[in-house]
Amino acid sequence: MDRFAQIALILLAGGCLLCGCTSQAGAQIPASDALRRDAEAYAAAQNVSVSEAVLRLRAQDPVGELQAVLLEQEPEAFAGLWIEHDPDYRVFVAVTRDQRCIRGRYIVGGPLADVVEMREAEMTWAELTATQMALMQVLDLVDSRAHTGVDVKENCVLLYASDYQALEAKLGALDLSLPDPVCLVQTGPYAEAPPVDPPPGIVFPRQRPPEGLGAEMTALIVGELLEVDGCLRVGTGGESHLIIWHRNYIVTAAEDGRLQIRNGSGLLVAEVGDVVSMGGGETPAVERVAVTEIPDHCGGPYWIAGSRVERQASE
């Protein structure tokens, strides 16, 4: 991820670690070359002047400091912080009580005084995070891989579920219920995976369909695609990872018996013996990830493959 993309994640995402505006005194400090490059990219993306972009980028520290102070000093009132860019640039601070006192104590006379707006909320940040933890514990009890989050704007704990009826059935079977308040975000249904029918003797574990967000790990592995005792692995630097394939992938055999990997469209993406690259990430255990049971001779380390596999050109 490039430098501006990292900054954009901070500035554009609705959450708690966000940016604001700074004082005119701060604006008089010359911008470094790196800051100016970031500001130029941000200015183009947000359709603001470079000088305004510099102010906003420099204001990350004041907003982070404001959040830290409110979390420490006002835990029974602070409910979250976020920014909005349109129609005007504003920093929003949500509290459950004492708006005027909190503004006077922490904002008036400070670098963010002109851009902060107060919002009323029902649950504090501490209560939201406690509710999210309780939700995660319930999901773990029913062996659910749904995802959770916190929406500070809506003052609610989010539940990302692809099949809520199936989750309700799991909860009902154990006489469990979700904590309150939980806001449901429907993420499915996802496309049905193609049937998998590996050649005889070949183990081809695939990932379970998502029960929450269809997120993928973003690490990268590059190595030779190997077949070892019927197990498909990627070898790198003296070791090899057993691949837990994306749910849309299948394995077939060519006329000469060479194993071939095909994507969800049926296109050939790699063959055994190729050097391949694939996104994903390493995991120590796969019991909750793989659809099929993995035999003992196909041991780890395991690589949870992303949805993109590419054959590397030969040198």
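In the block above lies the structure referred to throughout.
Within every chain, residues take consecutive numbers counted from 1 along the sequence as written. In keeping with the predicted nature of the model, local features appear solely for residues at pLDDT of at least 70, side-chain atom pairs appear and are counted solely at 80 or more, and the whole-chain, interface and lining totals rest on all residues. Based on all heavy atoms of the structure, the side-chain values leave hydrogens and waters out of the count.

Ranked by internal contacts, the top residues of the largest apolar core, which has 24 residues, are Leu-66, Leu-81, Val-93, Val-116 and Met-118. Here, nonpolar core means buried Ala, Val, Leu, Ile, Met, Phe, Trp, Tyr and Cys residues that are tied together by side-chain atoms lying within 4.5 Å of each other. Burial classes follow relative accessibility: with a 1.4 Å probe on protein chains only, a residue under 20% of its type's maximum area counts as buried, one over 50% as exposed, and anything between as partly exposed. Counting 20 residues, the second-largest nonpolar core is a separate cluster that includes Phe-204, Ala-270, Met-278 and Ala-305.

A separate point is the environment of Leu-158. Its location among the elements puts Leu-158 in strand β5 (residues 156–161). The buried category is assigned to Leu-158, whose relative accessible area is 11%. By definition, residues are in contact when any of their heavy atoms lie within 4.5 Å. When sequence neighbours within four positions are dropped, the list of residues in contact with Leu-158 reads Leu-135, His-147, Thr-148, Gly-149, Val-150, Asp-151, Cys-183 and Val-185. Counting from the N terminus, the helices are DSSP H or I runs at least four residues long and the strands are E runs at least two residues long.

Look at helix α5 (residues 60–73): 20 Å from first C-alpha to last across 14 residues, which is about the 20 Å you get at 1.5 Å a residue. Listing the buried residues of α5 in full gives Pro-62, Val-63, Leu-66, Gln-67 and Leu-70. Seen end-on, α5 carries its buried residues on one side only, within an arc spanning 135°. Turned more than 90 degrees from where α5 packs its buried face, Asp-61, Glu-65 and Glu-72 sit exposed. To estimate how far a helix should extend, the number of its residues minus one is multiplied by 1.5 Å. Starting at the helix axis, one direction is taken to each C-beta atom, and the arc is that of these directions.

Right, let's talk about the side chain of Asp-274 for a bit. By the element assignment, Asp-274 lies in the loop between β12 (268–271) and β13 (275–283). Residue classification places Asp-274 among the buried residues on the basis of a relative accessible area of 11%. A polar contact is formed between the side chain of Asp-274 and the side chain of Arg-258, at a distance of 3.5 Å. With residues near it in sequence (within four places) discarded, Asp-274 still touches Gly-223, Glu-224, Leu-225, Arg-258 and Arg-311. Polar contact is the term for a pair of N or O atoms within 3.5 Å; when the atoms are in protein, one must be able to donate a hydrogen and the other to accept it, and sequence-neighboring residues count only if both atoms are side-chain atoms.

Time to look at the pattern of salt bridges. The rule for a salt bridge is simple: a side-chain nitrogen of Lys or Arg has to be within 4 Å of a carboxyl oxygen of Asp or Glu. Applying the stated criterion to the full structure yields 13 salt bridges. Close ionic contact of Arg-97 with Asp-98 constitutes a salt bridge, the shortest N to O distance being 3.6 Å. Two residues, Arg-145 and Glu-211, come together in a salt bridge whose shortest N-O distance is 3.4 Å. With Arg-145 in the loop between α7 (125–141) and β4 (147–151) and Glu-211 in the loop between β6 (182–186) and β7 (219–228), this pair connects stretches of sequence that are 66 residues apart.

The three strands lie next to each other as β1-β2-β3, forming an open sheet whose pairing is mixed. Single-partner strands in this sheet number two, and they are β1 (78–84) and β3 (116–120). The average angle at which neighbouring strand axes cross in this sheet is 25°, direction not considered. As defined by bridge partners, β1 adjoins strand β2 (residues 90–95) across six bridges and the pair is classed as antiparallel. Looking across to β2, one finds that Gly-80 is bridged to Ala-94. Only strands joined by at least two bridges in the DSSP assignment are considered to pair. Geometry is summarised by axes, namely lines fitted to C-alpha atoms with helices restricted to the contacting stretch, and by angles between N-to-C directions that run from 0 to 180 degrees.

Attention now goes to the packing of helix α3 (residues 33–46) against helix α4 (residues 50–58). Two numbers describe how α3 lies on α4: the axes approach to 8 Å, and their chain directions differ by 110°. Between α3 and α4, the angle falls in the class roughly perpendicular. Note on packing geometry: the crossing formed by α3 with α4 is right-handed. On the side of α3, the interface is formed by Leu-35, Arg-36, Asp-38, Ala-39, Glu-40, Tyr-42 and Ala-43, while α4 contributes Val-50, Ala-53, Val-54, Arg-56, Leu-57 and Arg-58. In terms of residue class, the contact of α3 with α4 is built from eight nonpolar, no polar and five charged. Each angle is binned into one of four classes, with values under 35 degrees roughly parallel, values over 145 roughly antiparallel, values of 65 to 115 roughly perpendicular, and all other values oblique. Each crossing is labelled by how the near helix is turned from the far one, with a counterclockwise turn of less than a right angle marking it left-handed and a clockwise turn marking it right-handed. Each residue gets one of three labels, nonpolar for Ala, Val, Leu, Ile, Met, Phe, Trp, Tyr, Cys and Pro, charged for Asp, Glu, Lys and Arg, and polar for the others, Gly among them.

Only a pair of cysteine sulfur atoms within 2.5 Å qualifies as a disulfide here. The full count for this structure, using the stated rule, is two disulfides. Here Cys-156 pairs with Cys-183 through a disulfide, and the sulfurs are 1.9 Å apart. Taking the torsion about the S-S bond as the criterion, the Cys-156 to Cys-183 disulfide, at about 115°, is right-handed. Pair noted here: Cys-156 is in strand β5 and Cys-183 is in strand β6, with a separation of 27 residues, a long-range link.

Now for the pairing of strand β8 (residues 231–236). Within β8, five of the six residues are buried, which leaves it mostly tucked inside the rest of the structure. Where β7 meets β8, five bridges bridge the pair, whose relative direction is antiparallel. The partner of Glu-227 across the bridge, within β8, is Leu-232. Hairpin remark: β7 followed by β8, antiparallel, with two residues in the connecting loop; positive phi at Asp-229, about 55°. Bridge analysis of β8 against strand β9 (residues 239–244) gives four bridges, and the strand direction is antiparallel. By the bridge assignment, Gly-235 is partnered in β9 with Ser-240. Hairpin connection of β8 to β9: two residues between the antiparallel strands, including Gly-237 at a positive phi of 55°.

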